[in-house]
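# Chains, contacts and geometry: an overview
Residue-level listing of the chains:
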Amino acid sequence: MKFKGVKIAAVIFATVFLLFFSNDFGLIDIEKTAIITAVAIDLEQDGEYKLTAQIAVPEATDTNTENLRAQISGKGATVGAAIKNIGDTSGWFPQLCFCNLIIVGNGFSDYNLIKILDYFSKTLRIQDSALIVMAETEGAELLKLSTPLDNISSFALQKILLKNAGLNRDVAVCDVKSFCTGYYSDAGSSYMPLIKVVSQKSENEKPSAESVGGENSGGENASVAGGGSGSSGSGGESGGAKGDAIFNADTTALFLKGKKVGELDADLTLAFTALTGDFSTSTFEVKNVDLGGEKLNYLLTVFSCKASRSLSVSENGITLKVSLDAYVKISDTNERFSDLEYLKNLPLPSYVKQRAESDFTERITDLIRTEIETGCDFLDIKKELYRKHYSYYSTYKNNFIENLNYSVSVNFTGQK
């Protein structure tokens with residue numbers, strides 16, 4: 001009996017050993033495996049899906065330790081068929097377990113996105129935490145770009161989506177699980193960042209489309225910002241030169257029943273993240289503060305923030321109460337005479353406090369108005385109605401937007 005546990009452990013080890021060496025090594029040859037870091041999905045004119053996969057190609061020598069990038073495209077009537085087409089046409093087995101980014105092209109603006117994203121939510125080949133974004137252009141165009149700090153665009157995109165501590169929380173991040181959960185909820189509402197490309201070159205320095213265009217495996221024009229050199233990879237394009245394009249993700253696309261119904265600009269996205277996430281270390285500008293006839297600007301840094309949303313429901317309607325309390329400090333100003341460089345403790349002047357509270361109250365108010373206008377319940381009002389006021393749920397579940405009233409309270413405090 002005392003050797004029973006040892007025998008069981010030995011059997012389990014032998015089983016795992018046999019399965020590993022008889023299955024994985026037989027199924028996947030590392031030299032024929034495409035480690036996909038990101039995929040972009042675009043809608044073709046014939047109604048088929050074009051899926052472009054970005055592959056990180058490790059290449060280390062005595063003089064080069066950078067990762068090159070390569071893109072492979074496939075087409076199909078479904079997302080799964082497009083992925084399979086990549087393997088069939090390239091001879092590489094598409095491995096999606098390391099894919100952390102899904103880019104949706106602008107051709108799906110009037111399309112029910114669940115038709116393409118449902119595959120990623122149900123397949124076991126990709127993780128549910130993979131981020132989802134919508135491109136302002138074709139999704140494949142984002143993968144072809146290179147940035148000054150990272151020649152693999154998907155890595156650069158993930159850096160601005162998942163920011164480290166100390167940077168502004170100004171991106172409404174969404175992953176596969178969150179989007180599909182929102183779609184299948186009673187409200188049917190979801191959101192994701194809208195990615196815009198910003199060139200750091202001036203207008204007279206911008207290269208023409210012909211000068212930066214290339215040719216990929218499918219014969220289509222491949223535009224790489226800033227140009228680049230590299231050898232062509234198997235079934236795709238690769239390059240190591242860094243370009244001048246940077247990405248902007250502070251705009252949020254709103255979806256109702258899978259279709260895009262509106263957007264949140266940078267100011268409203270910042271207000272949304274303040275209400276729904278960790279807003280500490282973020283900064284925001286207070287502009288045109290009138291002080292003795294002079295217009296002054298201030299930069300405030302948030303050290304701590306507490307936001308709350310509550311519903312009160314009766315036969316007369318629904319009232320949403322939003323409150324935001326934040327502890328802030330002035331980080332910079334364009335005043336001609338400033339004590340910022342000399343004082344360790346700098347009180348928050350009353351005129352700055354009032355203007356900051358007024359501006360942020362207006363942003364949150366516009367945020368609620370956007371929900372009313374678009375019908376997209378990104379503030380989860382219907383979920384709150386179901387969870388805490390179920391006795392009124394049947395009364396307002398189909399018309400809670402029309403019966404919504406709201407009040408907003410913002411309070412900023414600083415050093416005394």
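Residues numbered from 1 in each chain as written. Predicted model: local features only at pLDDT ≥ 70, side-chain atom pairs only at ≥ 80, totals over all residues. Heavy atoms only, no water.

## Describing the overall build of the chain
- Counting its regular elements, the chain contains 11 helices and 16 strands.
- Every one of the 416 residues in the chain was classed for burial, and the buried ones make up 44%.
- The long-range share in the chain, meaning contacts at least 24 apart out of those at least 6 apart in sequence, stands at 68%.
- Here the chain has roughly 21600 Å² of accessible surface; of this, 51% comes from carbon and sulfur atoms. (Helix = DSSP H or I, 4+ residues; strand = E, 2+ residues; numbered from the N terminus. Buried < 20%, exposed > 50% of the residue type's maximum accessible area, 1.4 Å probe, protein only. Contact = heavy atoms within 4.5 Å. Areas by Shrake-Rupley, 256 points an atom, 1.4 Å probe, with all protein chains shown as cover.)

## A closer look at helix α2 (residues 79-90)
- Compared with an ideal rise of 1.5 Å per residue, which puts 12 residues at 16 Å, α2 spans 17 Å between its outermost C-alpha atoms and is within 8% of the ideal.
- Positioned one or two residues after α2, Gly 91 has a phi angle of 85°, which is positive. (Expected span 1.5 Å × (residues − 1).)

## So, the packing of α2 against helix α3 (residues 114-122)
- As a packed pair, α2 and α3 sit with axes 9 Å apart at the nearest point and diverge in direction by 70°. Of the possible angle classes, the one that applies to α2 and α3 is roughly perpendicular. Contact with α2, carried on its side by Val 79, Gly 80 and Ile 83, involves Ile 116, Tyr 119 and Phe 120 of α3 and no other residues of that element. (Axes fitted to C-alpha atoms, helices over the stretch in contact; angles between N-to-C directions. Parallel < 35°, antiparallel > 145°, perpendicular 65-115°, else oblique.)

## Focus: the confidence of the model for the chain
- Counting all residues, the mean pLDDT for the chain is 82, and 80% of those residues have values of 70 or more.
- Below pLDDT 50 for its whole length, residues 206-241 participates in 69 contacts with residues either more than four positions away or in separate chains. (pLDDT = per-residue confidence, 0-100.)

## Focus on the environment of Ile 318
- Structurally, Ile 318 is set in strand β15 (residues 317-333).
- A sequence separation of 78 residues divides Ile 318 from Tyr 396, and the C-alpha atoms of the two residues are 8.6 Å apart.
- For Ile 318, the residues in contact, after removing those within four places along its chain, are Leu 311, Ser 312, Val 313, Leu 385, Tyr 396, Phe 400, Asn 403, Leu 404 and Asn 405.

## Some thoughts on the packing of aromatic side chains
- A complete count under the given rule lists 18 aromatic pairs for this structure.
- Ring centres 6.1 Å apart and planes at 55° place the aromatic pair Phe 303 and Tyr 327 in the tilted group. Residue Phe 303 is located in strand β14 (residues 294-314), and its partner Tyr 327 is located in strand β15; the two are separated by 24 residues in the primary sequence.
- Summarising the aromatic geometry, the rings of Phe 360 and Phe 412 are spaced 5.9 Å apart at their centres and angled 75° between planes, so their arrangement reads as edge-to-face. Note that Phe 360 is positioned in helix α9 (residues 350-374) and Phe 412 in strand β16 (residues 404-413), a separation of 52 residues in sequence. For the residue pair Phe 360 and Phe 412, the accessibility class agrees, reading buried in each case.
- Here a set of aromatic residues connected by ring pairs shows up, and it is made of Phe 279, Phe 284, Phe 360 and Phe 412.
- The ring of Tyr 111 carries the charged tip of Lys 115 above its face, separated from the ring centre by 5.3 Å. (Phe/Tyr/Trp six-rings, centres within 6.5 Å; stacked < 30°, edge-to-face > 60°. Lys NZ or Arg CZ within 6 Å of the ring centre and 35° of its normal.)

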